[in-house]
Amino acid sequence: MNFELSDDHKAIRQLARNFSESDLKETASKWDQEKKFPHELVPKLAELGFMGMSIPEEYGGSDLDLLSCAIVMEEVARHCGSTALTLASHNGLGSKHILEFGNEAQKKKYLPDIAAGKKLSAWALTEPGSGSDASGMKTVAVEEKDCFVLNGSKAFITQGSVGDVYLVLAKTSPEKRQKGVSAFIIEKGTPGFTPGKPEDKLGCRGSDTSTLSLDNVRVPKENLVGERDMGFIDTLKILDKGRVIIGAMALGLGRGALEESIRYAKEREQFGQPIANFQAIQWKLANMATELEAARLLLYRACYLHREGRSINTEASMAKLFASEAGLKACDEAIQIHGGYGYIKDYPVERYWRDCRICTIGEGTSEVQRMIISRNILRGQGG
Amino acid sequence: MKFELTDDQKAVQEWARNFSETIVAPVVSKLSDRDKLPMDLLKKLSAEGFMSLMVPEAQGGAGLDSLSFSLVITELARICASTSISVAVTNMIADVLVREGQKHHHDKFLSQLLSGESPTASFCLTENSSGSDASALQMTAKKEGDQYCLNGEKIYVTNGAFSNFFLIMARTNTEINGSKGVSAFLVPRASKGVVIGKEEDKMGLNASSTTRMVFENVLVPESDRLLNEGEGMQVALRALDGGRISVASQALGVAKRSLEAGIEYAKVREQFGKTLGEFQAIQWKIANASTELSAAELLIRRAAWLKSQKLPHRLEASMAKLFSTEMAIRLCDEMIQIHGGYGYIKDYPVEKYYRDVRVTSLYEGTSEIQRTVIAKNILGGL
């Protein structure tokens, strides 16, 4: 056992913390209120290596381990949930799928531009009619002589309207259900491939989310990623890591809520004394801090086990479930501690709650995490 | 970062599990709610080294680190919470003797724990009117020449019926209110004027001994005082700091066993033509319980690791204690729920787990005290 971060991990935390303080803290509220994707931020993110976090150096990435990615996520989310969500999707899904299952030509063609922030990546699995149950997917890909022809629609796609490189999942053998899904790279501007208008969301309003429509989109055969029919099975292999990343985002938002609450509780006076003197407030702070620490340890454990090459199916779900619920609870309590001011956009805590609200939904709802955990535990695996 | 026990720690865990399952379990499974732990079992635990786990090897102990100690308490509690608290309190006194005592204290008292002459030891802090506000205690120790005369009453003395000696906090200076007037004394059971009061009739932990104690003009030589006059509360607070990790570990052990019972039951019990484990309502309980149990275990291990690295750990120990004990109580309650009516019947063990674990958010600092400690730490830090 050793609960101390290595010097490398401490260094990446400091780097991300400085960036979050200097580039996100002041402007995050503006992006939120204007519902604006901050394109101007992308070059800086790329310069820091955050656009290709897990991409190997040979493709221009910074080759960070999962723990480093989680640390970056926590620090970025500390001030801006939207930017964290953008990074989660760009690093953890679209580019990750190409990195893990793409062939050498695909990796060479796409990853360097993705890591350099020249191209934003998006990943399209969810559809209007299939969320937690991905087997209900309706988008189909029919093989022709030199290409696949895709028809269907996708929903809730992060970077949906601003993406350049899309990884789209479609059924190639509908009768085989989950084992009949393939993954394709589709570039922006491909005829028949049209993003819908950006969704108007509760939170993470500075990240882009839209539908996609596919109308006889002809995708060259060399754009098939991984084996035919294995796209969804491959997806399951990257979701564990994605869960840790969303858990870390919730942790960052929860920590932000806690830190703002501590600051506020010491300044705000009622009944002749700072509200921090009241046990009612102390109790909330103690609970928030304790649960966030527990969340961080669950996340770090999953990262550690992943680095050791072990399956983290149970541990990633536990970390995601606990961290997202603890983070959200902390954000809600922060609003309560701030009283009426917590409901006003002059203070950041209502935004933290709105941003964090996605974390118990995206990358597998809390309900799906509980299904995975209980299934594994009842079978005697993990925990 | 490394979330793996060392080989030594794994070996200790295995040793404790094996002893708990093969030696402790057969004995305690025959006890009724009225029976206490047999002396014979306490002596076996002592002979096997369980009563001096963190005493350095050079002084005759097992020389374990804090994390290994925590693993042992968890393994014992998984089989018998009463045994685990008897062992935990005795070790707390052994550690006080090592940390605060001089050679003559070791020769006179620590040696009794190492030899098994005193199978357990006891800590006498709480009084009728001083619980969480411990330094308000009223028992007096009046200096008379080269000895002290002790008068007063103590309550909630764990191992009261088993111990040959007691660590007692008493007021040497009645002029000063609060902690500065308190000193620590070691008192043999055989001393004149020591009266072991009634065994408390408790909700759970029935096999452990919890007594009242009365001290009437008990004479204690000056040499049996630990540290200086007025430093007694420091002795007590340092002891309690480690005690928090140990109670958290105890709660974790009971919770583990309770969850195992819930899972076993959910797999075999059928309703509506399916096992309980096939219903989401039950799956949810098991998922929540497993997740929170993992979180508690990590908080405990971190606090214990910090302690063994001699790093500050007061905040972390309080977090571990608060979270683990409340988690365990919640979990044990949910496992009764999974068992339905059978959970309320003593043919099944889960009602006992709940009763045994309920005390963990009360002693060694209530949840409310832990929250106070945590809040003070984080409010001071910004």
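Residues numbered from 1 in each chain as written. Chains lettered and ligands numbered in written order. Predicted model: local features only at pLDDT ≥ 70, side-chain atom pairs only at ≥ 80, totals over all residues. Heavy atoms only, no water.

1. Some thoughts on the overall build of chain A
Heads up, the condition is: Here a strand is any run of E in DSSP of at least two residues, a helix any run of H or I of at least four, and the numbering for each starts at the N terminus. For the radius of gyration, the atoms used are the C-alpha atoms, and the globule rule reads 2.2 Å times the number of residues raised to 0.38. With a 1.4 Å probe rolled over the protein chains alone, any residue whose accessible area is under 20% of its type maximum counts as buried; one over 50% counts as exposed, and the rest are partly exposed. Throughout, a residue-residue contact means that at least one pair of heavy atoms, one from each residue, lies within 4.5 Å.
In terms of helices and strands, chain A carries 11 helices and 10 strands. Relative to a compact globule of 383 residues, whose C-alpha radius of gyration would be 21 Å, chain A shows 21 Å and is just as compact. Reported as C-alpha extents along the three principal axes, the dimensions of chain A are approximately 80 × 50 × 40 Å. Each of the 383 residues in chain A was classed as buried or not, and the buried ones make up 61%. Considering only intrachain contacts with a sequence separation of at least 6, the fraction spanning at least 24 residues in chain A is 75%.

2. Here's the deal with unusual backbone geometry
Note: most residues except glycine have negative phi, and most peptide bonds are trans. All names here are of chain A. Even without being glycine, aspartate 63 reaches a positive phi, approximately 50 degrees. By the secondary structure assignment, aspartate 63 is in the loop between helix H3 (42–47) and helix H4 (66–79). Even without glycine at this site, asparagine 216 takes up a positive phi of about 50 degrees.

3. Quick word on the domain arrangement of chain B
Residue and element names in this part refer to chain B. Selection criterion: As annotated, the domain borders come from an automatic or database domain assignment. By buried area we mean how much accessible surface two parts lose on assembly, using a 1.4 Å probe and totalling the loss over both. Put simply, a salt bridge is a Lys or Arg side-chain nitrogen that is within 4 Å of an Asp or Glu carboxyl oxygen.
Looking at the assigned domains, one finds that chain B contains domain 1 (7–115), domain 2 (122–230) and domain 3 (233–379). Taking only C-alpha atoms, the centre of domain 1 and the centre of domain 2 are 23 Å apart. Tallying the contact residues gives 26 residues for domain 1 and 25 residues for domain 2. When the buried surface of domain 1 facing domain 2 is broken down by residue, Lys36, Ile93 and Phe109 rank first, second and third, together holding 26% of it. Here domain 1 is connected to domain 2 by three salt bridges. Taking the shortest distance from any N to any O, the salt bridge between aspartate 201 and arginine 34 comes out at 3.7 Å.

4. Re the side chain of Ser20(B)
Residue and element names in this part refer to chain B. By secondary structure assignment, the location of serine 20 is in helix H1 (residues 7–28). By relative accessible area, serine 20 is classed as buried at 0%. In contact with serine 20, other than residues within four places in its own chain, are Ala25, Glu75, Leu76 and Ile79.

5. Structural notes on the interface of chain B and chain A
Let me state the cut-off plainly: Counting of polar contacts relies on pairs of N or O atoms within 3.5 Å, with two restrictions inside protein: one atom must be capable of donating a hydrogen and the other of accepting it, and residues adjacent in sequence are counted only when both atoms are side-chain atoms. Classes in brief: Ala, Val, Leu, Ile, Met, Phe, Trp, Tyr, Cys and Pro nonpolar; Asp, Glu, Lys and Arg charged; the others, Gly included, polar.
The interface is formed by 38 residues belonging to chain B together with 41 residues belonging to chain A. Summing the contributions of chain B and of chain A, the shared interface buries around 4100 Å²; its carbon and sulfur component is 72%. The interface formed by chain B and chain A includes two salt bridges. Residue Glu293(A) pairs with Arg302(B) through a salt bridge whose shortest N-O separation is 2.7 Å. Applying the counting criterion to the chain B and chain A interface returns 12 residue pairs in polar contact (both at pLDDT 80 or more). Of all elements in the fold, only helix H6 (232–268), helix H7 (280–308), helix H8 (314–339) and helix H10 (367–380) of chain B reach the threshold of two or more residues within the side of chain B that touches chain A. For the side of chain B that touches chain A, the leading source of residues is H7(B), giving 16 residues. Of the residues in the side of chain B that touches chain A, the class split is 20 nonpolar, 10 polar and eight charged.

6. Description of the packing of aromatic side chains
As a reminder, the rule being used: Pairing of aromatic rings covers Phe, Tyr and the six-membered ring of Trp, with a centre-to-centre limit of 6.5 Å; geometry is then stacked below 30 degrees between planes, edge-to-face above 60, and tilted otherwise. Note on geometry: a ring has a charge over it if NZ (lysine) or CZ (arginine) is within 6 Å of the ring centre and within 35 degrees of the ring normal.
Evaluated as defined, the whole model comprises 17 aromatic pairs over all chains. Relative to Phe279(B), the ring of Phe272(B) lies with its centre 6.2 Å away and its plane at 75 degrees, an arrangement referred to as edge-to-face. You can call Phe272(B) exposed: its relative accessible area is 78%. With a centroid separation of 5.3 Å and 50 degrees between ring planes, the pair formed by Tyr342(B) and Tyr348(B) is classed as tilted. Under the relative-accessibility criterion, Tyr348(B) is labelled partly exposed at 27%. Within the aromatic cluster, the residues linked to one another by ring pairs are Phe3(A), Tyr304(A), Phe3(B) and Trp305(B). The ring of Phe279(B) has Lys274(B) lying over it, and the distance from NZ or CZ to the ring centre is 4.7 Å.

7. Focus: helix H2 (residues 39–47) of chain B
All names here are of chain B. To keep things clear, this is the line we draw: The directions from the helix axis to the C-beta atoms are what the arc is built from.
Where H2 is concerned, the buried positions are Leu41, Leu42, Leu45 and Ser46. For H2, the arc enclosing every buried residue in end-on projection is 140 degrees, short of the 170-degree limit, so these residues lie on one face. Opposite the buried face of H2, at more than 90 degrees from it, the exposed residues are Asp40 and Ala47. For H2, the secondary structure elements touched by its buried residues are H1, helix H3 (66–79), helix H4 (81–100) and helix H5 (103–115). In the segment just after H2, glycine 49 is the residue with positive phi, at about 100 degrees.

8. Here we look at a nonpolar patch on the surface
Keep this limit in mind: Like-charged residues are merged into a patch within 9 Å and nonpolar side chains (Val, Leu, Ile, Met, Phe, Trp, Tyr) within 5 Å, provided each residue has over 30% relative accessible area and no salt bridge. Each accessible area is a Shrake-Rupley result for a 1.4 Å probe, and residues are judged covered by the shown protein chains and nothing else.
Together, Tyr341(A), Tyr343(A) and Ile344(A) make up an exposed nonpolar region whose accessible area comes to about 370 Å². Looking at where Tyr341(A) falls in the secondary structure, it is placed in the loop between helix H9 (313–338) and helix H10 (349–356).

9. Describing the domain arrangement of chain A
Residue and element names in this part refer to chain A. What the domain assignment lists for chain A is domain 1 (7–115), domain 2 (121–231) and domain 3 (232–378). A straight line from the C-alpha centre of domain 1 to that of domain 3 covers 20 Å. Contact residues are listed per partner, giving 30 residues for domain 1 and 30 residues for domain 3. A combined buried area of about 2600 Å² lies between domain 1 and domain 3, and 61% of that area is made up of carbon and sulfur atoms. Looking at the side of domain 1 facing domain 3, the largest losses of area belong to Leu66, Glu74 and Arg78, adding up to 29% of the total buried there. Across the contact surface, domain 1 and domain 3 share seven salt bridges. The shortest N-O distance in the salt bridge between glutamate 100 and lysine 241 comes to 3.3 Å. For the side of domain 1 that touches domain 3, the secondary-structure elements that each account for two or more residues are helix H1 (7–24), helix H2 (28–34), H4 and helix H5 (81–101).

10. Some details on a negative patch on the surface
The cut-off we apply is this: Residues counted as positive are Lys and Arg, residues counted as negative are Asp and Glu, and His and the chain ends are not counted. The location of each charge is read from NZ of Lys, CZ of Arg, CG of Asp or CD of Glu.
Together, Glu57(A), Glu58(A), Asp63(A) and Glu104(A) give the surface a local cluster of negative charge. A relative accessible area of 45% places Asp63(A) in the partly exposed class.

11. Looking at the environment of His313(B)
All names here are of chain B. As for its position among the elements, histidine 313 is in the loop between H7 and H8. Each C-alpha atom of the pair histidine 313 and phenylalanine 279 lies 41 Å from the other, and the pair is 34 residues apart in sequence. Filtering out sequence-adjacent residues up to four positions away, histidine 313 remains in contact with Ile245, Ala303, Leu306 and Lys307. Polar side-chain contacts of histidine 313 include one of 3.1 Å to the backbone oxygen of leucine 311.

12. A few points about the confidence of the model for chain B
Defined as follows: pLDDT measures the predictor's confidence residue by residue and takes values from 0 up to 100.
Counting all residues, the mean pLDDT for chain B is 96, and 99% of those residues have values of 70 or more. Under the prediction, the complex receives an ipTM of 0.89, its pTM being 0.93.

13. Regarding the side chain of His106(B)
Residues and elements named next belong to chain B. Relative to the helices and strands, histidine 106 resides in helix H5. Judged by its relative accessible area of 16%, histidine 106 falls in the buried class. Not counting the four nearest positions on each side in its chain, histidine 106 is found in contact with Gln59, Leu97, Val98, Gly101 and Ser111.

14. Description of the nonpolar core
Put simply, the test is: The term nonpolar core refers to a set of buried residues drawn from Ala, Val, Leu, Ile, Met, Phe, Trp, Tyr and Cys, joined through side-chain atoms within 4.5 Å.
Ranked by size, the top nonpolar core spans 147 residues in total, and within it Phe50(A), Val244(A), Met249(A), Leu285(A) and Met327(B) carry the most contacts. It is helix H8 (residues 279–307) of chain A that contributes the most residues to this core, 16 residues altogether. Discounting residues that sit within four places of it in the chain, Val244(A) has contacts with Leu66(A), Ala70(A), Leu299(A), Ala302(A), Cys303(A), Ile312(A) and Ala316(A). Ranked by size, the runner-up nonpolar core spans 26 residues in total, among them Val55(B), Leu113(B), Ala134(B) and Phe165(B).

15. Side note on the packing of H3(B) against H6(B)
Residue and element names in this part refer to chain B. The criterion, for reference: Every axis corresponds to a line fitted to the C-alpha atoms, with the helix fit spanning only the stretch in contact, and the corresponding angles, defined between N-to-C directions, vary from 0 to 180 degrees. Roughly parallel refers to an angle under 35 degrees, roughly antiparallel to one over 145, roughly perpendicular to one between 65 and 115, and oblique to any angle outside these ranges. Whether a crossing is left-handed or right-handed is set by the direction in which the near helix is turned from the far one by less than a right angle, anticlockwise for left-handed and clockwise for right-handed.
Taken N-terminus to C-terminus, the directions of H3 and H6 make an angle of 40 degrees; their axes are 7 Å apart at the nearest point. Here H6 runs oblique to H3, going by the angle between their axes. Considering the relative orientation of H3 and H6, their crossing is right-handed. Of the residues in H6, those touching H3 at Phe69, Ser70, Ile73, Thr74, Ala77 and Arg78 are Ile245, Ser246, Ser249, Gln250, Leu252, Gly253, Val254, Lys256, Arg257 and Glu260. Here the residues of the contact of H3 with H6 are counted per class, giving six nonpolar, six polar and four charged.

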